[in-house]
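# Tertiary structure, described
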Amino acid sequence: MFGTPKVLADGHAVSLPYRKADALLYYLIRKRRAARSELIGLLWADTDTQTAQKNLRHAIYSIRKELGWDPFASGHRAILELSPEVEIRCDVSDFLESGDPELYGGEFLKGFAIPLAEGFEDWLVGERTALQTRYLRKLLEAGEAALNQEDLEKAERFSLAYLTVDPLEESAVMLLMRVCRARQQFRRAIGIYHDLSQSLADEFGVSPLNETTALYYQIADLWNASAAPPEEMEEEE
């Protein structure tokens, strides 16, 4: 469900006849169960109750027909629930359960939209935001852990992945500068700081945080010290 959505059942791609049926299936894969009234509010809020209930029943029928079997639990009139016997493997769930940022596969349901279903669109935006926020937080945590373990390649990779999404996040910039410091890539670290300063000034008219600037001066001092000629030893009398 990260990136362009794709659902497989028994190794075969599930192809439903219309997008609201897709939306219903995606929502249930994420939630496993929902009140029928909730689903109507998400997908058919602009229609009268009788028509909305009919549309929901047709979407359920479309899913059953495409799968060739019934994935829904029986005995619930007001609730639509995927059967406990249905084993679901979902990339989003894998990411959330593991906390591993490398399992984040990009925007949730990328390119999928139902513009006239405001309830579903609101849910979709909320899910995308929450998942990306968690991804960014895990990137920083994993990057800090990698740096502490002196795994500089991984720390750099995580910081760059963060900055691809949000190039002005100073925590990620500082992480990358610290990686450069550990590698003695002082020129690169200074350049990263200057690029940040310019971007912040252009977009918001502000300067980097004090902590970022302090790190910059510390690295500049290290660079100057590494470039200075060695002091001559005093001759013993």
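This structure is a prediction, so every number in the text was calculated from the model and none was measured. (Residues numbered from 1 in each chain as written. Predicted model: local features only at pLDDT ≥ 70, side-chain atom pairs only at ≥ 80, totals over all residues. Heavy atoms only, no water.)

## Comments concerning the side chain of E156
What counts here: In this text, helices come from DSSP runs of H or I with a minimum length of four residues, and strands from runs of E with a minimum of two, each type numbered from the N-terminal end. Accessibility here uses a 1.4 Å probe with only protein chains present; expressed as a share of the type maximum, an area under 20% marks a residue as buried, one over 50% as exposed, and anything in between as partly exposed. Nitrogen and oxygen atoms within 3.5 Å of one another constitute a polar contact, given that in protein one can donate a hydrogen and the other can accept it, and given that sequence-neighbouring residues count only through two side-chain atoms. The contact criterion used is simple: two residues touch if any of their non-hydrogen atoms lie within 4.5 Å.
Its location among the elements puts E156 in helix α6 (residues 152-165). The class for E156 is buried, based on a relative accessible area of 15%. Within the structure, the side chain of E156 is placed 2.7 Å from the side chain of R188, a separation counted as a polar contact. Apart from the residues within four sequence positions on either side, E156 is in contact with L176, V179, R183 and R188.

## Looking at the nonpolar core
For clarity, the threshold we go by: Take the buried Ala, Val, Leu, Ile, Met, Phe, Trp, Tyr and Cys residues and link them wherever side-chain atoms come within 4.5 Å; each set so joined is a nonpolar core.
Membership of the largest hydrophobic core comes to 73 residues, with the highest contact counts inside it found for M1, L24, L39, L43, F108, F120 and M177. In terms of residue count, the dominant contributor to this core is helix α5 (residues 118-148) (11 residues). Ignoring anything within four residues of it in the chain, the contact list for F120 reads A23, L42, L43, F112 and I114.

## Observations regarding the pattern of salt bridges
Quick note on the threshold: One side-chain nitrogen of Lys or Arg within 4 Å of one carboxyl oxygen of Asp or Glu is enough to make a salt bridge.
Taken as a whole and judged by the stated rule, the model has 11 salt bridges. In this structure, D94 and R89 form a salt bridge, with 2.6 Å as the shortest nitrogen-oxygen distance. Ionic pairing is found between K138 and E141, a salt bridge with its closest N-O pair at 3.4 Å. With K138 and E141 both in helix α5 and three residues apart, this pair spans about one turn of that helix. Residue class for E141 comes out partly exposed when judged on its relative accessible area of 41%.

## Description of the side chain of E81
Tracing the backbone through its elements, the reader meets E81 in strand β4 (residues 79-81). Judged by its relative accessible area of 17%, E81 is buried. Setting aside residues no more than four positions away along its own chain, E81 makes contact with R32, R33, P71, F72, A73 and H76.

## What to know about the packing of helix α7 (residues 170-182) against helix α9 (residues 210-227)
Filter applied, for reference: In this analysis an axis means a line fitted to C-alpha atoms, helices contributing only their contacting stretch, and an angle means the value between N-to-C directions, from 0 to 180 degrees. In these notes the angle categories are as follows: under 35 degrees is roughly parallel, over 145 is roughly antiparallel, 65 to 115 is roughly perpendicular, and the rest is oblique. Should the near helix be turned anticlockwise from the far one by less than a right angle, the crossing is termed left-handed; should it be turned clockwise, right-handed.
Where α7 contacts α9, the two axes come as close as 10 Å, and the packing angle between them is 15°. As far as their axial angle goes, α9 and α7 are roughly parallel. Where α7 crosses over α9, the two elements pack in a sense that is left-handed. Counting all contacts with α7, which are made through E170, M174, M177, R178 and R181, the residues of α9 involved are E211, T212, L215, Y216, Q218, I219 and L222.

## Overview of the confidence of the model for the protein chain
To keep it simple, the criterion reads: For every residue, the pLDDT score states the predictor's confidence, bounded by 0 at the bottom and 100 at the top.
Taken over all residues, the pLDDT of the protein chain has a mean of 94, while the share at 70 or more is 96%. Segment residues 231-237 is flagged for pLDDT under 50; beyond a separation of four residues in sequence, or across chains, it makes zero contacts in the model.

## What about the environment of I88?
Take I88: it is sitting in the loop between β4 and α4 (91-98). Under the relative-accessibility criterion, I88 is labelled partly exposed at 29%. Expressed as a C-alpha distance, the spacing of I88 and A9, which sit 79 residues apart in the sequence, is 9.4 Å. Ignoring any residue separated from it by four or fewer positions in sequence, one finds I88 in contact with I29, R32 and L82.

## Structural notes on the packing of aromatic side chains
Stated precisely, the cut-off is as follows: The pairing test for Phe, Tyr and Trp rings, Trp by its six-membered ring, is centres within 6.5 Å, and the orientation test on the planes gives stacked under 30 degrees, edge-to-face over 60, and tilted for anything in between. By the criterion adopted, a ring carries a charge over it if an Arg CZ or a Lys NZ lies within 6 Å of its centre and within 35 degrees of its normal.
Applying the stated rule across the entire model yields 11 aromatic pairs. Both rings, one in Y27 and one in W123, keep their centres 4.7 Å apart while their planes meet at 70°; by these two values the pair is edge-to-face. With Y27 in helix α1 (residues 19-31) and W123 in helix α5, this pair connects stretches of sequence that are 96 residues apart. The burial state of Y27 is the same as that of W123; both residues are buried. Here the aromatic residues Y26, Y27, F108, F112, F120 and W123 are joined through ring pairs into a cluster of three or more. When the ring centre of F158 is taken as reference, the NZ or CZ atom of R157 above it lies at 5.4 Å.

## Points about helix α3 (residues 49-67)
We apply this condition: What a helix is expected to span follows from its residue count: subtract one and scale by 1.5 Å. Read the arc as the range of directions from the helix axis to the C-beta atoms.
Over its 19 residues, α3 runs 27 Å from end to end, which matches the ideal 27 Å to within 8%, given 1.5 Å per residue. Along α3, the positions that sit buried rather than exposed are A52, L56, A59, I60, S62, I63 and L67. All buried residues of α3 project into a common sector of 155° when viewed along the axis, lining one side. Seen from the buried face of α3, the exposed residues on the opposite side, beyond 90 degrees, are Q50, K54 and K65. Residues of α3 that are buried make contact with β1 (8-9), α1, α2 (36-43) and β4. Residue D48 occupies the N-cap position of α3, its side-chain oxygen lying 3.2 Å from the main-chain nitrogen of Q50. Following α3 by one or two positions, G68 adopts a phi angle in the positive range, close to 85°.

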